[in-house]
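Structural description and commentary
Here are the chains, one letter per residue:
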Amino acid sequence: MKQVTLNHVHEALGAKMVPFAGFNMPIQYEGVNIEHDTVRNGVGVFDVSHMGLFKISGPNALALVQKVTSNDASTLTNGKAQYCYFPNETGGVIDDIITYKVNDEEYLMVVNASNIEKDWNWISSKNDVNATFENLSDGYSILAIQGPKAIEAMQSLTDLNLSEIKFYNFEIGTFAGVENVIVSATGYTGSGGFEIYVKNEFIEEIWNRVFEAGAAWGIKPIGLAARDTLRLEMGYCLYGNEITDETSPLEAGLGWVTKFTKEFINSENLKAEKEAGIKNKLIGFELIDRGIPRHDYEIVDKEGNVIGKVTSGTQSPSLGKGIGLGYVPIDFAKEGSEIFIRIRKNDVLAKVVKTPFYKK
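These lines cover the structure that appears in this document, whether it is placed above or below. Model, not experiment: these values are computed from the prediction. (Residues numbered from 1 in each chain as written. Predicted model: local features only at pLDDT ≥ 70, side-chain atom pairs only at ≥ 80, totals over all residues. Heavy atoms only, no water.)

**Some details on the sheet that holds strand β15 (residues 280–287)**
Put simply, the rule reads: Think of it this way: DSSP has to see at least two bridges between two strands before they count as a pair. By definition, any uninterrupted DSSP run of H or I lasting at least four residues is a helix, any uninterrupted run of E lasting at least two residues is a strand, and each is numbered from the N terminus. A fitted line through C-alpha atoms represents every axis, and for helices the fit uses only the stretch in contact; the resulting angles, taken between N-to-C directions, go from 0 to 180 degrees.
The antiparallel closed barrel is built from 6 strands, whose spatial order is β15-β18-β17-β16-β19-β20. If you compare each strand with its neighbour and ignore which way they point, the axes differ by 45° on average. Of the strand pairs in this sheet, strand β19 (residues 338–343) and strand β20 (residues 346–353) are connected by 6 bridges, and their pairing is antiparallel. Across the sheet, the residue bridging to Ile341 is Val348, located in β20.

Now the structure itself:
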């Protein structure tokens, strides 16, 4: 079991620690609903240092990025980031990631913790352009400082103008007295804020400074359980649930980051799939009747025929109702369509809705 650098801090704070993606991680501190509300209305801090961080550099860096990712990285300018995925050669998704352009010869990739080794091996096997490829994962820590009060609470720690870092942009500067910190606005909660990337040796110092600066705003540590309810309220995909090695990225709604203006791994087959039309679609749904949908619960039609499965589900802390994501045949995917979620032996009425579920 791996440990993040701040593992002892989380344990001292009384966090409930659980195994997650091979790491011992804080799942919650005070409770999911309290932590969820803290991020929606104030400011909270997630330690997401389990995430992977790769660097691709050199004259052929862009060529490798373009080959292995679905989005068009040639459109990136320095200080911009883009969401994308690694397609495999059989129509599925190896991982969903964020690519950051530092300069013309340096790109960073943030990958999911459970896929670090898989992603590393995949990109290495495709690096026939001799780009320099480095795994920085073990040397860096990442904090996600999220919520509508995040910028106000943290501005005293940096000369960077946090309010001017637009969504999916980043800057590199001094933060909490530490130089060369990456500050990005690529949050996963839908409530604003930013992430900081720093070498492990500085993370405890930064953690302490962050909580001192945020004290007046009621800053709290937040666990991974609330991170999941926050992302689900936004309808964001989670690798292993909505997207896997077997799921079609087009059926998962990732057509917007699939750019056929360039060639990339399996692009011809994905283009053909798009032209033929997808058969299933990832939908968001809200329960009309009482109940809590969970991962792998069956989705059925009014006759009780199984038409799909729930990929993610929860009782929404913000909305006070059951919400979820799941795949259904395209005929059932229209907004407003009635479906049923089989909870234990009861078929509970739900309707297809447009995501995000939570709207500011």
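**Remarks on the packing of aromatic side chains**
For clarity, the cut-off: Only Phe, Tyr and Trp rings are paired, with Trp represented by its six-membered ring, and only when their centres lie within 6.5 Å; those with planes under 30 degrees apart are stacked, over 60 edge-to-face, the remainder tilted. Each residue is assigned to one of three classes by its accessible area relative to the maximum for its type, calculated with a 1.4 Å probe on protein chains only: buried under 20%, partly exposed between the two thresholds, exposed over 50%.
Taken as a whole and judged by the stated rule, the model has 11 aromatic pairs. Seen in terms of ring centroids, Tyr83 and Trp256 are 5.9 Å apart; in terms of plane orientation they differ by 20°. Their pairing is stacked. With Tyr83 in strand β6 (residues 81–87) and Trp256 in the loop between α7 (224–233) and α8 (267–276), this residue pair connects regions lying 173 residues apart in the sequence. In this structure Tyr83 comes out as buried when scored by relative accessible area, which is 16%. By relative accessible area, which is 56% here, Trp256 ends up exposed.

**Section: the pairing of strand β10 (residues 140–146)**
Judged by how many residues are buried, β10 sits mostly within the fold: 6 of 7 residues are covered. Of the pairings in the sheet, the one linking strand β4 (residues 44–47) to β10 comprises 4 bridges and is antiparallel in character. Counterpart to Val45 in the pairing with β10 is Ile145. One ladder, built from 7 bridges, connects β10 with strand β13 (residues 193–199); its direction is antiparallel. Each residue of the ladder has a partner; that of Tyr140, found in β13, is Lys199.

**Here's the deal with the sheet that holds strand β2 (residues 16–20)**
In a beta sheet, neighbouring strands pair by backbone hydrogen bonds and run either parallel or antiparallel. Taken in spatial order, the 3 strands of this open sheet run β1-β3-β2, and their pairing is mixed. Strands with a single pairing partner mark the edges of an open sheet, and in this sheet they are β1 (2–3) and β2. In this structure, β1 lies alongside strand β3 (residues 23–28), joined through 2 bridges in parallel fashion. Bridged to Lys2 within β3 is Phe23.

**A word on the pairing of strand β8 (residues 106–111)**
Within β8, 5 of the 6 residues are buried, which leaves it mostly tucked inside the rest of the structure. Alignment of strand β5 (residues 52–57) against β8, held across 6 bridges, turns out to be antiparallel. If you follow Ser57 over to β8, its bridge partner there is Glu106. Of the pairings in the sheet, the one linking strand β7 (residues 93–103) to β8 comprises 5 bridges and is antiparallel in character. Within β8, the position partnered with Lys101 by the bridge is Tyr107. Connecting β7 to the next strand, β8, in antiparallel fashion are 2 residues.

**Notes on the nonpolar core**
Our working definition: In this description, a nonpolar core means a group of buried Ala, Val, Leu, Ile, Met, Phe, Trp, Tyr and Cys residues linked to one another through side-chain atoms lying within 4.5 Å. Working rule for contacts: check all heavy atoms of both residues, and any pair within 4.5 Å makes them a contact.
Within the largest apolar cluster, 39 residues are counted, with the highest numbers of intra-cluster contacts made by Phe46, Tyr83, Tyr100, Leu108, Ile243 and Leu254. Elements supplying a minimum of two residues to this core: β6, β7, β8, β10, α7 and β18 (322–329). The element that contributes the greatest number of residues to this core is β7, accounting for 4 residues. With sequence-adjacent residues up to four places away left out, Phe46 is seen in contact with Val39, Ile142, Leu143, Ala144, Gln146, Thr189, Ile222, Gly223, Arg227 and Leu230.

**Comments concerning helix α3 (residues 61–68)**
Two residues of an α-helix separated by three or four positions point the same way, owing to the 3.6 residues in each turn. Regarding α3, the residues found buried are Ala61, Leu64, Val65, Gln66 and Val68. Looking at the buried residues of α3, the elements they touch are β5, β6, β7, β8 and α4 (116–126).

**A short note on the environment of Asp72**
For clarity, the cut-off: Contacts described as polar in this section are N or O atom pairs within 3.5 Å, which, within protein, must combine one atom able to donate a hydrogen with one able to accept it, while residues neighboring in sequence count only if both atoms come from side chains.
Topologically, Asp72 is positioned in the loop between α3 and β6. Each C-alpha atom of the pair Asp72 and Val257 lies 8.1 Å from the other, and the pair is 185 residues apart in sequence. At 3.4 Å, the side chain of Asp72 and the side chain of Thr261 are in polar contact.

**What to know about the side chain of Thr99**
In this structure, Thr99 sits in strand β7. Contacts of Thr99, omitting those with residues within four sequence positions, involve Val65, Thr69, Leu76, Lys80, Ala81, Gln82, Cys84, Tyr107, Leu108 and Met109.

**Considering the pattern of salt bridges**
Opposite charge on two side chains makes pairing possible when the charged atoms of those side chains draw close. This is how the line gets drawn: Put simply, a salt bridge is a Lys or Arg side-chain nitrogen that is within 4 Å of an Asp or Glu carboxyl oxygen.
Tallying each qualifying case throughout the model produces 13 salt bridges. In this structure, Lys67 engages Asp128 in a salt bridge whose closest nitrogen and oxygen atoms are separated by 3.0 Å. Here Lys67 is found in helix α3, whereas its partner Asp128 is found in the loop between α4 and β9 (132–135), with 61 residues between them in sequence. Relative accessible area serves as the criterion here: at 26%, Lys67 is assigned to the partly exposed category. Glu298 is the salt-bridge partner of Arg342, the closest N and O atoms lying 3.6 Å from each other. A residue pair is termed long-range when its members are at least 10 positions apart, and Arg342 in strand β19 and Glu298 in strand β16 (residues 298–300) qualify at 44 residues. What makes Arg342 partly exposed here is its relative accessible area of 24%. Through salt bridges that share partners, Asp228, Arg231 and Glu242 make up one connected network.

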